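Here are the chains, one letter per residue:
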Amino acid sequence: AVNIHDILSQAKRVASAGFAEHLEIVEKYDPSLPLAKGDADLLLQVVQNLLKNATEAVPSEFGQIIIETAYKPGVKLNIGNFTKENLPLQFSIIDNGSGVPDQIRDDIFDPFVTTKSNGSGLGLSLVSKIVFDHGGVVEYARVKNRSVFSVLMPVWTGLQLKER
């Protein structure tokens, strides 16, 4: 069980002390957010990657990043064999950059897709894999002149016993 708010706050502290020190990062947290099921270190890697991308996308003046959480009961994902996974826990990294170019929008989570001259194109594919391995999904949307990367995840449902 992991507290997403703790992970987001830790990632914000690291970003604010380093690569995003010149930016405004706003937290909009849903206080009713339950615990998530996941590996805190891997989820921290996801958030840091999304924050780094957002930092590189925003304008040097008036750049802003919003970290937002929400609990959305009823959000379900079809995962095959008529099985639906409940993914009510959402966190989003929102920036006021120019957005993902249309020509690569459908492929941004594939390996080696990048718009950066010095980028490998592996960041978002790694984010996607980690989130998928946690039973979640990551999405990109352009909303009101802002880029929104949202991660939808399952909730921690209780104690799970480890095999001895």
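Residues numbered from 1 in each chain as written. Predicted model: local features only at pLDDT ≥ 70, side-chain atom pairs only at ≥ 80, totals over all residues. Heavy atoms only, no water.

1. A few points about helix H3 (residues 123-133)
Taken residue by residue, H3 has Leu-124, Ser-125, Val-127, Ile-130 and Val-131 as its buried positions. Looking at the buried side of H3, the elements it contacts are helix H2 (40-57), strand S6 (137-143) and strand S7 (146-153). Positioned one or two residues after H3, Gly-135 has a phi angle of 85 degrees, which is positive. (Buried < 20%, exposed > 50% of the residue type's maximum accessible area, 1.4 Å probe, protein only. Helix = DSSP H or I, 4+ residues; strand = E, 2+ residues; numbered from the N terminus. Contact = heavy atoms within 4.5 Å.)

2. With respect to the sheet that holds strand S2 (residues 64-71)
Strand order in the open sheet formed by five strands is S1-S2-S5-S7-S6, and the pairing between neighbours is mixed. Since the sheet does not close on itself, it has two edges, and those belong to strand S1 (24-28) and S6, each with one partner. Each adjacent strand pair in this sheet contributes to an overall mean axis angle of 15 degrees, direction not counted. Relative to strand S5 (residues 89-95), S2 runs antiparallel, the two being bridged by seven bridges. Directly across from Tyr-71, in S5, lies its bridge partner Leu-89. In the packing of helix H1 (residues 4-17) onto the sheet, the strands contacted are S1, S2, S5 and S7, and the crossing angle to S1 comes to about 170 degrees. Against the sheet, H2 makes contact with S2, S5 and S7, and its axis sits at roughly 25 degrees relative to S5, the strand it touches most. (Pairing = 2+ DSSP bridges. Axes fitted to C-alpha atoms, helices over the stretch in contact; angles between N-to-C directions.)

3. What to know about H1
Along its 14 residues, H1 runs 20 Å from first to last C-alpha, staying within 8% of the 20 Å computed at 1.5 Å per residue. Of the positions making up H1, those classed as buried are Ile-4, His-5, Ile-7, Leu-8, Ala-11 and Ala-15. Angularly, the buried residues of H1 cover 160 degrees about the axis, an arc narrow enough to put them on a single face. Exposed side of H1, more than 90 degrees from the buried face: Asp-6, Arg-13 and Ala-17 are the residues found there. Its side-chain oxygen placed 2.8 Å from the backbone nitrogen of His-5, Asn-3 serves as the N-cap of H1. (Expected span 1.5 Å × (residues − 1). Arc of directions from axis to C-beta. Polar contact = N/O pair within 3.5 Å; in protein donor to acceptor, adjacent residues only side chain to side chain.)

4. Observations regarding the confidence of the model for the protein chain
For the protein chain, mean pLDDT is 87; residues scoring 70 or higher make up 85% of the total. Considering each helix and strand of the protein chain separately, the mean pLDDT is smallest for strand S3 (residues 76-78), with a value of 65, and largest for S5, with 97. (pLDDT = per-residue confidence, 0-100.)

5. Some remarks on the packing of aromatic side chains
To describe a pair of aromatic rings, you give the distance between the ring centres and the angle between the ring planes. Across all of its chains, the model carries two aromatic pairs by this definition. Taking the centre distance of 6.3 Å and the plane angle of 85 degrees together, the rings of Phe-109 and Phe-149 count as edge-to-face. Placement of Phe-109 in the loop between S5 and H3 and of Phe-149 in strand S7 is noted, with a sequence separation of 40 residues between them. We classify Phe-149 as buried; its relative accessible area is 10%. Ring centres of Tyr-140 and Phe-149 lie 4.9 Å apart, and the angle between their planes is 45 degrees; on these two criteria the pair is classed as tilted. Here the aromatic cluster, defined as three or more aromatic residues joined through ring pairs, consists of Phe-109, Tyr-140 and Phe-149. (Phe/Tyr/Trp six-rings, centres within 6.5 Å; stacked < 30°, edge-to-face > 60°.)

6. Examining the environment of Ile-108
Assignment of secondary structure puts Ile-108 in the loop between S5 and H3. We classify Ile-108 as buried; its relative accessible area is 6%. Here the alpha-carbon distance between Ile-108 and Ser-125, two residues 17 residues apart in the chain, equals 7.5 Å.

7. Brief notes about the side chain of His-5
Here His-5 shows up in helix H1. With a relative accessible area of 15%, His-5 lands in the buried category. Only 2.8 Å separates the side chain of His-5 from the side chain of Thr-69, close enough to count as a polar contact. In this structure, His-5 is in contact with Tyr-29, Asp-30, Leu-33 and Thr-69, ignoring residues within four places of it in sequence.

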